[in-house]
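Residues per chain, in single letters:
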Amino acid sequence: MRRGPALRRPREDVLLALVLLHLVLALLAPVAAARLGRRVFLLVALAPGATAVWAVTQASAVLDGRPVVSSTSWVPGLGLALDLRLDALSLLMVSLVSGVGALVLLYCAAYFDRDQPGLGRFAGVLTAFAGAMLGLVLADDLLLLYVFWELTSVTSWLLIGFDDEDAESRRAAQQALLVTTLGGLVMLVGLVMLVQEAGTASLAQILGDPPSGGTVPVALVLVLVGAFTKSAQVPFHPWLPSAMAAPTPVSAYLHAAAMVKAGVYLVARLAPAFAVVAVWRPVVLTVGLATMLVGGWRALRQDDLKRVLAFGTVSQLGFLMVLVGAGTHEAATAGAALLLAHGLFKATLFLSVGVIDHATGTRDLRLLSGVGRRSPVLATVAVLAALSMAGVPPLLGFVSKEAAYEALLGDPVVFAGVVLGSVLTAAYSARFVWGAFARKPGCADTVVHAPSAGLLAPVVVLGLAGLVLGLVPGLADPLVQGYASSYEGEPEHLALWHGLVPALGWSVLTLALGAALFLAREPVRAYQRRASRVLSRVDADRSYDRVLDGLDRSALRTTAVVQTGSLPVYLGTVLLTLVLLAGTALATSTRVTGDVTAYDRPLQVAVGVVVAIAAVATARAHRRFTAVLLLGAVGYGTAVLFVLQGGPDLALTQFLVETLALVIFVFVLRRLPATFTRRPLRLSQGVRLGVALAVGGFVTLAVLVAGQARTAPPASQAFLDRAQADGGGSNVVNVVLVDFRGFDTLGEITVLAVAAMGIASLVLAGRGRRSGDPEGETALTAAGGQAVDEPGTPAPEVVP
Amino acid sequence: MTDPQPVDSGAPPRLPGADELDAVRRSVVLETAVRLVFHTILVFSLYLLLAGHNQPGGGFVGGLVAGLAFVLRYIAGGRAALREAVPVDPGVPLGLGLVLAAGTGVTALLLGGQFLESGKVELDLPLLGIVKATSALPFDTGVYLVVVGLVLGVLRTLGAEAER
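Note that this is a predicted model, so its numbers are computed, not measured.

Caption draft 1: Inspection of a nonpolar patch on the surface at higher detail. All names here are of chain A. The grouping of Phe 625, Leu 629, Leu 631, Phe 665 and Val 666 at the surface amounts to a nonpolar patch, some 410 Å² of accessible area in total. Listing elements by their share of the nonpolar patch, those giving two or more residues are helix 27 (624–645) and helix 28 (648–669). By residue number, the principal contributor to the nonpolar patch is helix 27, which donates 3 residues. By secondary structure assignment, the location of Leu 629 is in helix 27.

Caption draft 2: Molecular detail of the side chain of Thr 510 of chain A. Residues and elements named next belong to chain A. Relative to the helices and strands, Thr 510 resides in helix 22 (residues 502–519). For Thr 510, a relative accessible area of 2% translates into the label buried. Apart from the residues lying within four places of it in its own chain, the contact partners of Thr 510 are Tyr 405, Val 419, Ser 422, Val 423 and Ala 426.

Caption draft 3: Inspection of the side chain of Thr 425 of chain A at higher detail. Residue position: Thr 425 of chain A is located in helix 19 (residues 412–437). Excluding its chain neighbours within four sequence positions, the residues that come into contact with Thr 425 of chain A are Ser 315, Gln 316, Met 389 and Lys 401 of chain A.

Caption draft 4: Focus on the environment of Ala 109 of chain A. Residues and elements named next belong to chain A. Structurally, Ala 109 is set in helix 4 (residues 88–111). Between the alpha carbons of Ala 109 and Gly 637 there is a distance of 72 Å; along the sequence they are 528 residues apart. Look past the residues within four positions of Ala 109 in its chain and what remains in contact with it is Arg 38, Phe 41 and Leu 42.

Caption draft 5: Geometry of the interface of chain B and chain A. Taken together, the contacts link 48 residues of chain B with 48 residues of chain A. Between chain B and chain A, the buried area comes to about 4200 Å², and carbon and sulfur atoms account for 68% of it. Remark: the boundary between chain B and chain A carries 9 residue pairs in polar contact (both at pLDDT 80 or more). Of all the elements in the fold, those that place two or more residues in the side of chain B that touches chain A are helix 2 (59–85), helix 3 (91–110), strand 2 (129–134) and helix 4 (136–160) of chain B. Broken down by element, the residue count for the side of chain B that touches chain A peaks at 15 residues, all from helix 4 of chain B. Taken together, the residues of the side of chain B that touches chain A sort by class into 27 nonpolar, 11 polar and 10 charged.

About the thresholds
Residues numbered from 1 in each chain as written. Chains lettered and ligands numbered in written order. Predicted model: local features only at pLDDT ≥ 70, side-chain atom pairs only at ≥ 80, totals over all residues. Heavy atoms only, no water. Patch = residues over 30% accessible without salt bridge, like charges linked within 9 Å, V, L, I, M, F, W, Y side chains within 5 Å. Areas by Shrake-Rupley, 256 points an atom, 1.4 Å probe, with all protein chains shown as cover. Salt bridge = Lys/Arg side-chain N within 4 Å of Asp/Glu carboxyl O. Helix = DSSP H or I, 4+ residues; strand = E, 2+ residues; numbered from the N terminus. Buried < 20%, exposed > 50% of the residue type's maximum accessible area, 1.4 Å probe, protein only. Contact = heavy atoms within 4.5 Å. Buried area = accessible area lost by both parts, 1.4 Å probe. Polar contact = N/O pair within 3.5 Å; in protein donor to acceptor, adjacent residues only side chain to side chain. Nonpolar A, V, L, I, M, F, W, Y, C, P; charged D, E, K, R; others polar.

Pasting the structure below:
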């Protein structure tokens, strides 16, 4: 819409095509899995693989400052367009999302058992996630970004809950979904405010000319809440460790390389334009530092290797948040480098844990012993990744941490926090390596089944990438500089050796303290245990449970008050509301003139009297069956009135519906006592009579008022005029139903269909397979099948 | 509306499926009457559906009439007789009806019009002469099927299921 399609070249079209390729393969995966089995992952890996390769071919042009831009009209009425843009930061993210994504999918092909159920669905959702994530980092429109953002939340929910028979994984999936979509909704409000303030949803335009209105700080805080929830920042972090219930490839991809980076990405994207806003730095730096420390502290305490990594990820995400949010050229350089480094080493480590889990059947570091000797290749790669995480030369993690120290030296508080966080990182890195691979005294060697080459290959590729990029920082440097150049300042190139600078000293100190912390792990552990008794009161995970419990309880209380289960109370509430609200308005604001035609023909009076008598008799009837018949008389009488008024269609319908209603009533009566309660309470009887009279009076008044209230010419004349010409029929009622108001009719028959299924579910719930009649089961399937598994509910008692 | 068609002499005419009922619950008169009028009512419901565009009737009314025919069949012969008459799940007419009605709308969309925009053609059919067909007919047929499905569903759940 904004950038016309004047200069469409293949380079632009590929961008959208790649996102769509993910979608197509995602839809294809469940079908293909039936034939291919777990090799379906090799098929779907084509999408991220092709994206990664294509991104590499575009790299030099993009880093030269010529981003790939594509715009496709989507919902022009809302100003929504599929605006995609591949610039330096997006390229960096694409290399993680698609590069790591392709490797993880290849890993999946060897990770899962051949006969694992639900593989097709899993492959499809994982590919859809990769596509959503790709869209997220490419989106050049804030609202489009939001759409992809929520798509990643939903797909991640499905992926974490892959093992849907396990209560823990269902809880984890729900927690991730609730926390991230809550943040997403808050973020949406912020995004809308930003868009309003800027007058455009285009990211490039907003960043090029940032709005500075009074609502911008509020909008930014709201957007940051979204980023914090997605990137598991304190106090929203617990969903990430819980999400370790997901299959390991999901953890490696979503919870290391891709999804949790979305928040960091958004902050990195917005920081060049908005870091100058007063509220930005305090919020981002405080939350980032707190997250880095809390994550590191908790990581030291875990026994499950995956949870060690999960809390480590939380910590590193805090670190990243500090770097990309700081809003300086140097910090951005370090942040971009760490973004890359973290994606590589954390994915490697997660995948290694997957291999260990696969080979030994456990992830508990107290049980594992001597794994390093049995699988040296895996151990080597994982140790390389862990060293990168700890910031040991000559790995990419070291290079980025050096750059970070350099960048933050000027700010003592932030610097101290980051050094402390890095000490913790070094310590839990050491603990991870020790826990996963070392031979422990007093612990028998774990039985290791040799992992297949297909399982190891992606891990090795990822692990070596961290080493190569560390040894030759020049390879990653252009990518990092491309992003950092959105800030003013001299480029600070990545380097393995900066000379004897203060940062190097701090690095050495960090590693030494980290090593000390690891060696003193027994006292540290004892101290942590004591501290956790105090700290558990502010445990964010328990707070989450408490919030949900509170929600459940208040919902239950509300339901107990509102839904009493008494039909008279429901009806009374509805009718009284009608009388009190609409009736009061009617009685006070309109006047009825005496100009009312009482009747057109005497026969109408006669029918009216019959209907009235039948109605009174219905209310006074003692037997239910009598009441139903009398009610039928009321209905048929009304139908006669329609005939007398000249409405054959209406009358016909009324007759038929009345008959059908009568039959249904009779069916139901078979299950109810033959008579109404013998002694109704006097009070309740009086109240009912009062309500009935009030409603009757209201309806009478409403009819009188409605008959006199017309100010505009009736629409019916237009219908009469147009019925034959436009609708091709002379029965106006029918033409209105099927043509002029066809949309309404479509809605109504949908309601009918839903009602039919609803009746089936309600009536058949709990009756299930008791009597083993196939007919009952087909009816249940038609009703959605929910009720089938609830045997044993007693059927209502039949009173003859 | 009764059909003057003569009844076979010999064994009393029975509704298919009605033999599953207890002898006490069976009524020769009712079964015979239903056997006579059932098809006539169905044909009448189709007439209402087809004529509805110009005369009283239409898909909703037609569907109700057809539904009542099934109600009669159920009352006279029980659920086995109903199953004989409609050997499909109520979900089938429900779903077909929705698809047909929505499909009419989508077809208009595919032909370049608005959703549910109506169109008409005049056909010169042998025997029947000039017949005017509007896109409202398939839409109305959808309504008809949904209503029939609803009645069948209610019969099956509130009627047949409650019998057990």
